[in-house]
Amino acid sequence: MDAAIATALALAVVYPQAGNLAGGGFLVVRTPDGTVQALDFRETAPARASRDMFLGPGGRPLPEASTATALAVATPGSVRGYAEAHRRLGRLPWAKVVAPAERLAREGFVVPAGLSEDLAEERELLTRWEETRRTFFPGGLPLAAGVLFRQPVLAETLARIAKEGPEAFHRGDMAARIVTFVRAHGGVLSEEDLAGYAPLWRAPDTIRFGPLVVHTMPLPSSAGLVLRSVLGQLEVARGAARGLDASSTHLLLEAERRAFGDRNRWLGDGDCSVVPLGELLAPARLAALGASIDAARATPSASVESSLSSPAAEKEETTHLSVATPDGFAVSLTTTLNGSFGNGAIVPGLGVFLNNEMDDFTAAAGVPNLYGLVQGSVNEVRPGARPLSSIAPVIVEEDGKPLLVVGSPGGSTIPTTVLQVLLRATEGESLGSAVAALRLHHQHRPDVVFVEKGGAPEALRGFLRARGHVLEERVPIGQVHAIAFERDGRLTGAGDPRGQGAPAAP
Ligand code: DON
């Protein structure tokens with residue numbers, strides 16, 4: 001846990017696209033005695049948030065209100081979340097866990113090409129905010145790859161968190177600075193919101209799939225429902241087949257379509273609204289959904305369930321890390337600001353980016369969010385509620401032993417990314433090839449199969465088109481960092497070739 005939290009904190013310094021102090025996330029952890037726990041440090045809606053806060057005159061959605069403004073900022077959960085995970089399962093002193101991040105901020109790091117490119121890509125959003133412009137666009141240009149980049153203000157923030165603990169961030173002058181900035185720009189976050197935030201330990205969602213046991217996040221992440229639904233349908237639809245050949249890929253996409261139909265319509269924060277999980281996940285219902293899959297034809301989403309949508313935006317960033325030790329300790333942790341660099345604003349005097357997680361709520365009925373998801377009234381903004389997430393940190397076991405630690409960024413594509421890696425890595429492929437393999441995605445609406453650009457062989461495209469699927473290219477789908485426990489007791493790590501992550505061992 002020390003390694004996981006130290007890494008998450010370091011990512012807030014070197015990967016500001018997604019690593020964060022003012023965001024949120026989820027983690028699943030397995031201790032060597034076989035206990036699996038889940039920590040929810042998801043952001044919450046501020047007390048002054050309300051259902052129609054993103055609507056303008058005539059009930060029309062205000063453009064960008066839930067993504068690029070101070071109203072988009074939900075109450076952050078990361079700092080207290082990291083501290084709580086460390087309090088329960090860390091061994092090193094807290095200050096030592098924070099120290100590497102502080103050092104990276106103070107002494108600087110060499111800007112990787114990826115950061116420079118992402119800054120250039122988000123330039124329009126980022127340069128709207130003065131402090132962001134000053135920090136990341138010296139002389140008006142995005143930080144260049146290869147230069148040493150120091151963040152003394154962020155280093156000071158981390159030094160205070162190291163010394164005083166998470167309260168330094170959630171109360172007092174730091175919290176006041178965040179609130180002053182957000183309020184000055186029209187947001188509703190208050191010091192009471194920050195002081196009152198609580199991460200929650202939850203029972204993980206535990207799913208049996210053949211010989212495997214899959215542990216992931218329950219609500220307010222949709223991971224549990226999507227994984228349980230898809231795997232339950234596959235057991236019926238796929239029979240004894242294994243792996244992901246073209247026929248199985250079609251079945252998987254169809255199961256995803258059905259699972260996302262349920263997700264988008266019925267899910268929200270189960271602590272604040274009624275979610276009919278029992279009905280949705282009844283084994284007989286999943287079997288019937290699985291049996292409704294036609295091996296020869298795609299089922300139009302309109303006949304599975306009705307709603308509206310338009311294509312998903314392509315800009316997105318979150319980050320996942322997996323940590324394991326040979327004795328069976330494993331952490332699967334995903335953290336996010338939601339969009340790339342959150343809402344784009346750095347809080348002056350603190351050096352931290354703010355999240356735009358409010359966009360994961362149903363900001364406006366019938367209007368797709370950043371990930372093209374059209375969601376239901378169960379997921380409306382309610383003060384204190386957590387917005388529905390797709391984040392899916394996963395730990396897989398077999399015969400009571402850990403087998404796989406996996407997770408990914410990618411918004412709505414997270415659970416389907418994780419499913420593809422899981423199916424490949426546990427059904428005959430090496431971890432490296434399972435992570436590198438082409439990915440596809442279906443989310444019910446829009447009624448298209450997203451396929452990674454340039455990656456799908458013509459034979460597979462033809463196979464899917466012949467079944468009635470409409471294919472749409474997109475780059476990339478997910479960015480997985482995974483660890484496999486091999487039979488000989490060794491660990492194999494895999495960084496996704498789509499990103500910059502890489503395995504490391506002491
Ligand atoms: O919680 C969610 O589902 C989203 N906020 C995750 C965003 C994300 O993965 C962006 N990534 N690439």
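Residues numbered from 1 in each chain as written. Predicted model: local features only at pLDDT ≥ 70, side-chain atom pairs only at ≥ 80, totals over all residues. Heavy atoms only, no water.

## What to know about the domain arrangement of the chain
Domain annotation of the chain identifies domain 1 (2-198 + 335-379) and domain 2 (202-315 + 391-495). Here domain 1 and domain 2 have C-alpha centroids that lie 27 Å from each other. Tallying the contact residues gives 28 residues for domain 1 and 36 residues for domain 2. Where domain 1 abuts domain 2, roughly 2500 Å² becomes buried across the two surfaces, and 60% of that area is made up of carbon and sulfur atoms. Three residues, Phe-26, Arg-30 and Val-378, lead the burial of domain 1 against domain 2; their summed loss comes to 25% of the area buried on that side. At the boundary of domain 1 with domain 2, the tally comes to two salt bridges. Across the salt bridge formed by Arg-30 and Glu-397, the nearest N and O atoms sit 2.6 Å from each other. For the pair domain 1 and domain 2, the interface holds nine residue pairs in polar contact (both at pLDDT 80 or more). Elements supplying a minimum of two residues to the side of domain 1 that touches domain 2: strand E1 (24-30), strand E2 (36-41) and helix H4 (113-121). Class assignment of the residues belonging to the side of domain 1 that touches domain 2 gives a composition of 14 nonpolar, eight polar and six charged. (Domains from an automatic or database assignment. Contact = heavy atoms within 4.5 Å. Buried area = accessible area lost by both parts, 1.4 Å probe. Salt bridge = Lys/Arg side-chain N within 4 Å of Asp/Glu carboxyl O. Polar contact = N/O pair within 3.5 Å; in protein donor to acceptor, adjacent residues only side chain to side chain. Helix = DSSP H or I, 4+ residues; strand = E, 2+ residues; numbered from the N terminus. Nonpolar A, V, L, I, M, F, W, Y, C, P; charged D, E, K, R; others polar.)

## Considerations on the packing of aromatic side chains
In total, this model carries six aromatic pairs according to the counting rule given. Judged by centre distance (5.2 Å) and plane angle (55°), the rings of Phe-136 and Phe-149 are tilted. Taken together, the positions of Phe-136 in helix H6 (residues 130-136) and Phe-149 in strand E4 (residues 148-149) put the pair 13 residues apart, joining distant regions of the chain. Plain terms: the ring middles of Phe-341 and Phe-353 are 5.4 Å apart, the flat faces sit at 55° to each other, and that makes the pair tilted. Here Phe-341 is found in the loop between strand E9 (329-336) and strand E10 (394-398), whereas its partner Phe-353 is found in the loop between E9 and E10, with twelve residues between them in sequence. Put simply, the rings of Phe-109, Phe-136, Phe-149, Phe-341 and Phe-353 touch in pairs and so form one group of aromatic residues. Geometry around Phe-463 places Arg-467 over its ring, the cationic atom sitting 3.6 Å from the centre. The cationic tip of Arg-474 hangs over the ring face of Phe-450; the distance from NZ or CZ to the ring centre is 4.9 Å. (Phe/Tyr/Trp six-rings, centres within 6.5 Å; stacked < 30°, edge-to-face > 60°. Lys NZ or Arg CZ within 6 Å of the ring centre and 35° of its normal.)

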